[in-house]
Each structure stands twice: as structure tokens, then as C-alpha cells.
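# Fold and geometry: a report
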Protein chains: 2
Amino acid sequence: MSAPARLVARSRPKTGERLALSAATAQGVHIATSEVPRWLERVRRCAGATVRRIPFAALDHWSFAPDTGDLRHRSGRFFTIEGLHVMRPGAQWQQPIIVQPEIGILGILAKEFDGVLHFLMQAKMEPGNPNLVQLSPTVQATRSNYTKAHGGAAVTYLEHFVEPDRQRVLTDVLQSEHGAWFYRKRNRNMIVETDGDVPAGDAFRWLTLGQIAELLRLDNVVNMDARTVLASAPAAAAEPRALSCDAGLLAWFTAERARQDVSVHRMPLREVAGWQADERSIGRADGRFFRVVAVSVEGAGREVAGWTQPIIEPVERGIVGFAHRVFDGVPHVLVHARVEGGFLDTAELAPTVQCAPANYPPSDPGPRPPFLDLMLDAPGDRIRYSAVHSEEGGRFVDAESRYLIVDTDEASTPTQPPPGYHWVTPGQLNWLAGHSRYVNVQARTLLAVLSTGAAGRTGRAA
Amino acid sequence: MSAPARLVARSRPKTGERLALSAATAQGVHIATSEVPRWLERVRRCAGATVRRIPFAALDHWSFAPDTGDLRHRSGRFFTIEGLHVMRPGAQWQQPIIVQPEIGILGILAKEFDGVLHFLMQAKMEPGNPNLVQLSPTVQATRSNYTKAHGGAAVTYLEHFVEPDRQRVLTDVLQSEHGAWFYRKRNRNMIVETDGDVPAGDAFRWLTLGQIAELLRLDNVVNMDARTVLASAPAAAAEPRALSCDAGLLAWFTAERARQDVSVHRMPLREVAGWQADERSIGRADGRFFRVVAVSVEGAGREVAGWTQPIIEPVERGIVGFAHRVFDGVPHVLVHARVEGGFLDTAELAPTVQCAPANYPPSDPGPRPPFLDLMLDAPGDRIRYSAVHSEEGGRFVDAESRYLIVDTDEASTPTQPPPGYHWVTPGQLNWLAGHSRYVNVQARTLLAVLSTGAAGRTGRAA
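Residues numbered from 1 in each chain as written. Chains lettered and ligands numbered in written order. Predicted model: local features only at pLDDT ≥ 70, side-chain atom pairs only at ≥ 80, totals over all residues. Heavy atoms only, no water.

## Section: the environment of Gln 100 of chain A
All names here are of chain A. Inspection of the secondary structure assignment puts Gln 100 in the loop between strand E7 (91-99) and strand E8 (104-113). Each C-alpha atom, one on Gln 100 and one on Ala 213, is 31 Å from the other, the two residues being 113 residues apart in sequence. With residues up to four places along the chain from it excluded, the contact list for Gln 100 reads Phe 78, Phe 79, Thr 142, Phe 182, Lys 185 and Arg 395. Side-chain polar atoms of Gln 100 contact the side chain of Arg 395, separated by 3.2 Å. (Helix = DSSP H or I, 4+ residues; strand = E, 2+ residues; numbered from the N terminus. Contact = heavy atoms within 4.5 Å. Polar contact = N/O pair within 3.5 Å; in protein donor to acceptor, adjacent residues only side chain to side chain.)

Put into C-alpha cells, the structure is as follows:
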């Protein structure tokens, strides 16, 4: 017996087309793209926030637990900084790590104006941003945020994301964050469409994807949370052909995951070997990788007037890049199945290169990361995309990387890449980014660049 | 510049059609379906294996670690039985759990005969199977197996799965196993096609999916490993319409995962509260759920001549069932976003009902699992599918469940189901089973039944 019911098409083919139209629309209805940096500057001045490094002892309500040495908030909420022991065949290390089990919402509200999707972007101050204020999603809320653990104001527009009409959800997927700094952190990456009358507050502007693409070409304008949400959106019509079929790509990745032996144990921060604490930082004796420091934020027009918090500070600027080739008219990028200690499941797909070159000085006799020099030495005419972006400013301070997409050739990046690497099309990467834990956060920044067209159109149309 | 290269179509549309043809082929070229149970019986007699419960002290090379009480093999390999502490809002418990971090291969070799795909199935003895010998994948190998940790013979046909031609891989996906008994266990579920000349050994037969479907209607013939691999195969042309679109389904599941607070810690087995050990078993004081016991296997024609091992024994037969409805001509089943302590990521999609009814006696004042009585009391003419299957016989002894697919109606299972439940089409479930950790192992057994047509054709054609 068949019950009457309203069925819907399983796929919404128009979503990709509507996003493509938005990406092709260079002018929005709300603000000129060229005005956006000036608007961000106004918000920056208006907020008047100052961020100072402080000694750990000056943290309010944060302290080192007497038994473990873990750095925690008095309320038991927000996050903690603990220790992690990572063991792999032939390598093992210990390090501090941020533990924040709760799942936050990174949500962008979308709405059609004149038939074109616009996205409500926020000018948001984060203490770790090098320029404090960047373009962020409509909503960026930890669960502590929206359950008011810090007694702040309600998160504006949050109601669109907490119980959305599922037929208006363009994407909603749990994505990992930095596996080198976070223990198994993930956030919901959401885009929800509305046709209601949504007034844009002072700190918000409606932008097309084309406008955001143009802003992605600038340094430190589009924040990490916005980049990862945009990468999670279904892209326009994907290439029907690729160097390997989708099933072959999954088979390769399954084999990569299966061959990794990674054993990870949390441990007390105070017992972490190779790291030492002073009044103002916890860092490695050899000065590599990152430090844990403390900051004080004052005069910020945020949910609360001012606060102090621990934060992670990388020691040097990173480099994150995709090798890019066009095979028989179809663009491909070279992904790396990369193990990070904080990943929930061993490996995720990462850019071709992802490291801080300063950690590999020429004097270091150890092996250099594959393809690093290809990125460092790329001639200008092979660079399709280059911009500096910082990582999440709520947990990382001055965590900048140069993001690159570089044209390469058979000699430097062969059609049959070395083990652990695989050529994928942007469409294949976008398909996988529709599910959890395939594409790491750095690769998602570059995917956002590819999907919005910020690196220019490639392939036959180029 | 575009480099010449051989591109392939990203999707292999014929795979689904070829599997559908195999499912529609009731007779194979190698053995009549009716002969299969007799063949399994011959292998059973020939193996002449006997399995006896033994005291823990009679285990060879297995012992309780002096410090933790964990049950381990002298070599440090195979698996251990440790303790697990699971905390959720309003509930927390401790239990023994099997820890086996290495990823095994469950692989089925496929080959066309007379233009129809056949699958090389093995008659395999496992000590926990109620009838010892069942139909299993071509290869069922832990990494200890194929690195010869127990000094046995090489695993036959393994070479087809270790470094397969990726263009011949029909499926290769990491799937979870029982989250109530295993800590984050996953195996590779692989189907690899060959066109080589592959002789079928005495313990192997080539079968069509149609033949396997008929055998799935029998009790305890197709083992769990075979069922989960078959569920992971791409199904034939899926329904284009459903009660919710694919993006809406993912949004629902993301919200389900995000709302779960599950905190899990491994702990020493000897400290697990509520469980007590005697010479022959570790069980709960109230007799519920399962016991850890030890068995001795003798006279088996397996990789090694005989062995002893710990094994998990559920106290009662389980019931596992999908509520099934046809909406506007399209069949749907009601999935449950179920939390199990051993899952890597909080919840997976489970059948409508999955429990051991004996754990919920009528005298128990606590809440009964939703829809349980709907399954227990289903009239015969509403039962689309019913068979008893046992779980993996290498780790679980006499772990039988009745698997059901039951036609239900609006009164018992409304179109708008309660929180935590969602209507999906078999095609949607199959789509998700192509990725890791969406569909739990019990739901995959029922998905194999749906995909192969073992429950009969449903929907408009019915």
C-alpha cells in the first residue's frame, strides 16, 4: 500500500547553478566590493580594541590545574590546553593541544536579491587576527556562546541556524579544524537560505560570491571560518571526467587511511616532553612550531566588553599550496593524504604543501617536505593565486600562511605522483568536502578560492 | 598549458547496472543455489571442528595483565579486552570492550561469467557461528592474519586486495563494526573485479547476487562480513525522489551528531563497575547485555590447526528491524541516529529497532525502546523479511539477531517521525554507505537485504 506524501527530488540541481550565478556576479546590491576594506577599517576603529600579551598569572578565571598542569577556565567551559602524545612508526612526539569537544556553528545566511544569492557577512573582531577585524560568517558561535556561558549578549541571527527548515539548508556538514593544534575539533559548516525580511545590522553586509572571490584575493580580509563554510557549499556543475574516477579516488584514500598507524593519547600538559613554560609562554626548547601564550582584549565591541584568554601563536608564517595542472583541458590539484595528531581519523586530504618553512632550515639535515621548494621558488608567471590568510583568530594569534596555487609540470609533479599524493579535480574535492573529515581546513581555504573563481577560471575556458 | 593524459569518466554508471543484472540472475554458472547449504554442510563435516567453552586459565598465550586486568595475547597482537567508561547527559556506564586498532580487509572478488558478475564466496569456519561454517567474503583478514602473527598459512586470494588496480575496485570503504562491543573498530569493505583466470579453491564458489539474495533469506548462512561488504556496493539506479532531499538528510544527520554529548574513556578492565569475573566469564551482576568468555577450537581446517581465544557472548538473541513504508510509490525505511559508546563519532544511522528484548522485561519500569513492540507484534502479512543472522563469528559467539523488515503505517510510524528518526530510501542509505561511518553494521545487513532484492521488490513494481 502506498501512502500519499509530498516527495521531493533527491538532488537540488539548481543549487550549484545559483551559486555559480552568484560567483559570476561581481557587483552586489548592498555595498561595492571596493568599499568593503574601508568598511572593515571603520569597524576596526569603532571597536577600538587593543590586544596585549600578558603573563599567564594575569589571566582572569584561567589557571593551571594543580594536578595536571592543564590550562583551564574556572567554569570548566570554553576550551582547555592539555598535552598530547602522538605515536607513529618511526616517530613519536608530545605537544600541547587545544581540547574543545563542543561543536560550534559557523553559519552563513543566504538570500536572493534581484535573483542572485547574496551572503550575509559580518565584520568581526577576533583577538588573534593580525588586523583584528575580518569578514566572517553571519554566525560564529560555540555552544558556550549560545548557551551564554560567558554571560554575554545573544548571538545575532543564530535562530536561522539552530532549527532551520531543512529544505532551505544549502549545506550543513561537520568539518575538522587544525589537526596540529586542536584535538578532534569540528564545527558545523552551514549555509541556510531565507526569503524573509532580514535587516543587516551595522556589522553585516550582503555580498555575492563574486564579491567574496574578489576579497579572497586580498591579504587577511576573509577569515578562516568564512573560507571553510564557502568551501563546503555545493559547487557548480563539476567536470564529468578526471584522471581517476570517483570510486578510484575513494579506493586510494581508503588505502591511505588504512595504512596509517597513528596512536594518540591525551596526557597532562605539565608532563609534555620537549616543551618548557615560563611566565608568558609555553614553547619548545628548540623554538620550533608554536607557543602557548596569553592575551588580554580591551575595549572590544564584542559580546562582552573585555576578556583574557590563552591562545596559540605559531613561531613563523606558514606556506600552504596546491600544485595545479590541466590534464586534457581539465584542471587538477595535487592533494596529500596527511596525518595530523589531532584528526579524529588518521589522515585527511591536505594541500600539496602545508608547513612552516622556518621549521626546515637549510642547515637541517633531515628531509625537506616534498614540493616545498617548488612553492618557494615558483616564478611569478606560474602563480595562479597568492594571498596571505590567517587562521581562526579566536584560538590562534598571528597565525598567517601564504596560500598559493601554482602551475606545475610533468617534471616537477608527474601524472603518477609519489605515494600519499593524488590528482583530483576541484569538483572531486568539492564533492568530498560535502562529507565530514575528507578535506582538511587548509585545503578548504584553497577549495574556496577554486570554487568561487578567486584564482581565475582554469581549464578549457582559460 | 594542457597536458595530454587519459581521463576517465568520474562516475562508472555501468557498475550499478551490472550489479542489478547480477541480482536479477537467479542461477549462477558454478553451483546451484539449492546446493549451497549442502556444500556448507560438507565443509562443516570435513573441518570437524569442535568449539568448547574453557576457563580463562586454560587460554594459551592469553592472560589478564597484572596491572590493568586487561585480557591480552602474549604477542601484544590480535585484540585486547579492556574497559570503557561512557558518559552522556543523564546516563553513564562502564563495560568491557574489544580493542583492535588494526584495520582488516573484508574483500570479495568479482568476475564476469557469461556477462554476469559472480562473487567468489568462501565457506568459512568461525568459532562463534552457531553452525560454525557460513558463507563469507573471499578474504577476511586482519593485519595480524596477513603479516602472519599467528604463524599460519598465507591468506588465499589476498593479493587481489592489497594493491588492486583502482579502476577495477567496485567499492573500498572503511566501515564501523559493533559500537556496543568494539572500540572504534573499522574494516575495509572491498569488492574488486578481475578478468584473470582465478581458480576457485575447494572452499570457494562463484555466486551471483541473485543467488546470494536467496541465501540471505535463510537463517545463518551469509555471514556478517559478507553482508556488510555487499551493503557497501553501489546499488542499481536509485530512486530520484524521496521524502527529503539528500542535502536535507545530511543536514538532519549533522544536527543529530552535533547535539550528542558523548564522552568516552578507556579504563582498566579490572576497574569496570557493575561487572564481575569468575573463572569462566566476566558478566554483569544483573545478567544483562553480554559476557566475556573463552573458547577452545579444535580440529579446524583453518589457517592454524587449533587455538584458544576470548570471545563475547550476548546473553540473549537480539531483534533488529526496519519499519518500511511506501510513500507515493517510493519505498522508505525509518533510520535511527543511534549513539554507541564504541563509535568513532557519536552516532550512526541504525535500524528502527536494535536491541535484545530480554534486556527490557515487562517488569522493567524503565522506558521501552521505541517501535520495539511494533516489531515483536508484527502480523505475518506485514513482514517483508525475516531471518536470523549471527554477528562476526571471530569475536562473538552465538550472537544471533532476528532481522526484520516490517510494513508499517501512519498510525505506528508517522510521516513526521519522532526526533532522532528519519525516513530514507534504500538508495539514500546505499549512497551514505559508500562513505565511512554513516550506516552502522546492523543497518548494513538490512541494506544488503534491500539492495540484493532479498526482501522482494518494493514500491511501484510491487
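## Side note on helix H5 (residues 209-216) of chain B
When you tally the buried positions in H5 of chain B, you get seven out of eight residues, the bulk of the element. Of all the positions in H5 of chain B, only Leu 209, Gly 210, Gln 211, Ile 212, Ala 213, Leu 215 and Leu 216 of chain B are classed as buried. (Buried < 20%, exposed > 50% of the residue type's maximum accessible area, 1.4 Å probe, protein only.)

## Some words on the pairing of strand E9 (residues 116-125) of chain A
All names here are of chain A. Judged by how many residues are buried, E9 sits mostly within the fold: ten of ten residues are covered. Going residue by residue along E9, you find Val 116, His 118, Leu 120, Gln 122 and Lys 124 tucked away on one face and Leu 117, Phe 119, Met 121, Ala 123 and Met 125 tucked away on the opposite face as well. Two elements, E8 and E9, share five bridges in a ladder whose sense is antiparallel. Bridging across to E9, Phe 113 finds its partner in Val 116. Here E8 folds back onto E9 in antiparallel fashion, the turn holding two residues, of which Asp 114 has a positive phi close to 50°. (Pairing = 2+ DSSP bridges.)

## A word on the interface of chain A and chain B
The interface is formed by 60 residues belonging to chain A together with 60 residues belonging to chain B. Both sides of the chain A and chain B interface together cover about 5,000 Å² of buried area, and 51% of this is carbon and sulfur. On the chain A side of the interface with chain B, the three residues burying the most area are Leu 7, Arg 10 and Arg 166 of chain A, jointly 18% of the side's total. If you look at where chain A meets chain B, you find eight salt bridges. Here Asp 345 of chain B and Arg 186 of chain A are joined by a salt bridge, their closest N and O atoms 2.7 Å apart. In this structure, the connection of chain A to chain B is made through 17 residue pairs in polar contact (both at pLDDT 80 or more). Looking at the side of chain A that touches chain B, the element that brings in the most residues is helix H7 (residues 246-259) of chain A, giving eleven residues. (Buried area = accessible area lost by both parts, 1.4 Å probe. Salt bridge = Lys/Arg side-chain N within 4 Å of Asp/Glu carboxyl O.)

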